[in-house]
Amino acid sequence: MSVQLREHIEKIVPLTNDEYAFVISHFKNRKFKKHQFLIQQGNIVPCHYFVLKGLLKLVFTDDTEKQHIISFAMEDWWESDFYAFYTQTKATMSLECLEDTEVLCLSFEDYKKLCDGLQKIERFFLEKATFGFLGAQKRIISSLTSNVKERYEQLLKQYPSLIQRVPKSLIAAYLGVSRETLSRL
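This text gives an overview of the structure that appears in the document. As the structure is a prediction and not an experimental result, all values here were calculated from the model.

**A closer look at the packing of aromatic side chains**
All chains considered together, the criterion is met by 14 aromatic pairs. Measuring from centroid to centroid gives 5.2 Å for Phe124 and Phe125, while their planes differ by 65 degrees, and the two rings are edge-to-face. One exposure class covers both Phe124 and Phe125, and it is buried. Taken together, the aromatic side chains of Phe27, Phe50, Trp78, Phe82, Phe85, Tyr86, Phe108, Tyr111, Phe124 and Phe125 make up a single cluster linked through ring pairs. Geometry around Tyr174 places Arg139 over its ring, the cationic atom sitting 3.8 Å from the centre.

Here it is, written out as structure tokens:
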């Protein structure tokens, strides 16, 4: 099951066939339709998701019902409301499919068993979390120091395939500007 996950993990840590069999035994394969939610704000976060196919958006909805797009996730990316997942509290964000999507789901209980049972996977998740943190810091600094045009150009350069798959209105929301402002760029 899922050569894609194995290849993804082995970019960081090598696995024997037995180790990979142990890893994959902790995941469940799920399919979702476009506009379906994997996580809804206010609910418990059931899983940490690895995207096999499709596209997701992670959204925070504020008290005025304005949606703030935190991130997008496509093939070979991990996504969840990580704070709620790791603290086992209610979600502050929602995770919605922008396309029909197939994911591998890792529950918190299985995550703990996996890390306790295979030190290599604990190292893998530590490295993924570290690079996720670095990416978040980079995005925060960019939003504080770059203008909209520069942030849009950074997004185009870093994720060219994402721009082709996401409507301009969602790209604008991700950048924190109106669609009209984005269109002028």
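**Re the sheet that holds strand S7 (residues 94-97)**
Spatial strand order, S2-S7-S4-S5: 4 strands in an open sheet with antiparallel pairing. Strands at the two margins of the open sheet, each flanked by one partner only, are strand S2 (37-39) and strand S5 (67-74). Strand-to-strand twist in this sheet, taken as the mean axis angle between neighbours without regard to direction, amounts to 25 degrees. Sheet topology note: the S2/S7 ladder contains 2 bridges and is antiparallel. If you follow Ile39 over to S7, its bridge partner there is Leu95. The strands that helix H8 (residues 168-175) touches are strand S4 (55-61) and S5; relative to S5, the one it contacts most, it runs at about 110 degrees.

**Overview of the packing of helix H4 (residues 108-117) against helix H5 (residues 119-145)**
Put simply, H4 and H5 touch, their axes get as near as 5 Å, and they point 120 degrees apart. In terms of orientation, H4 lies oblique with respect to H5. Side by side, H4 and H5 meet where Tyr111, Leu114, Cys115 and Gly117 of the first sit next to Gln119, Ile121, Glu122 and Phe125 of the second. Per-class residue counts for the contact of H4 with H5 are 5 nonpolar, 2 polar and 1 charged.

**Remarks on H8**
For H8, the set of buried residues is Leu170, Ile171, Ala172, Tyr174 and Leu175. Buried residues along H8 sit against S4, S5, H5, helix H6 (148-158), helix H7 (160-165) and helix H9 (179-184). Positive phi shows up at Gly176, right after H8, with a value of about 80 degrees.

**A short note on the environment of Lys149**
If you trace the backbone, Lys149 turns up in helix H6. The sequence separation of Lys149 and Thr181 amounts to 32 residues, and the corresponding C-alpha distance is 9.5 Å.

**As for the sheet that holds strand S8 (residues 101-107)**
Ordered in space as S1-S8-S3-S6, the 4 strands form an open sheet in which the pairing is antiparallel. Whereas interior strands pair on both sides, the edge strands pair on one side only; in this sheet they are strand S1 (28-32) and strand S6 (78-79). The pairing of S1 with S8 spans 5 bridges and is antiparallel. From the neighbouring strand, Lys28 faces S8, where its bridge partner is Cys105.

**Points about the nonpolar core**
Across soluble globular proteins, nonpolar side chains show a tendency to be buried alongside one another. Ranked by size, the top nonpolar core spans 39 residues in total, and within it Leu5, Val23, Phe27 and Phe125 carry the most contacts. Counting residues per element, this core draws most heavily on strand S3 (residues 47-53), at 5 residues. In contact with Val23, not counting residues within four places along its chain, are Leu5, Ile9, Leu15, Leu114, Leu118 and Ile121. In this structure, Phe72, Tyr152, Leu162 and Tyr174 belong to the second largest nonpolar core, which totals 19 residues.

Scoring rules and cut-offs
Residues numbered from 1 in each chain as written. Predicted model: local features only at pLDDT ≥ 70, side-chain atom pairs only at ≥ 80, totals over all residues. Heavy atoms only, no water. Phe/Tyr/Trp six-rings, centres within 6.5 Å; stacked < 30°, edge-to-face > 60°. Buried < 20%, exposed > 50% of the residue type's maximum accessible area, 1.4 Å probe, protein only. Lys NZ or Arg CZ within 6 Å of the ring centre and 35° of its normal. Pairing = 2+ DSSP bridges. Helix = DSSP H or I, 4+ residues; strand = E, 2+ residues; numbered from the N terminus. Axes fitted to C-alpha atoms, helices over the stretch in contact; angles between N-to-C directions. Contact = heavy atoms within 4.5 Å. Parallel < 35°, antiparallel > 145°, perpendicular 65-115°, else oblique. Nonpolar A, V, L, I, M, F, W, Y, C, P; charged D, E, K, R; others polar. Core = buried A, V, L, I, M, F, W, Y, C linked by side-chain atoms within 4.5 Å.

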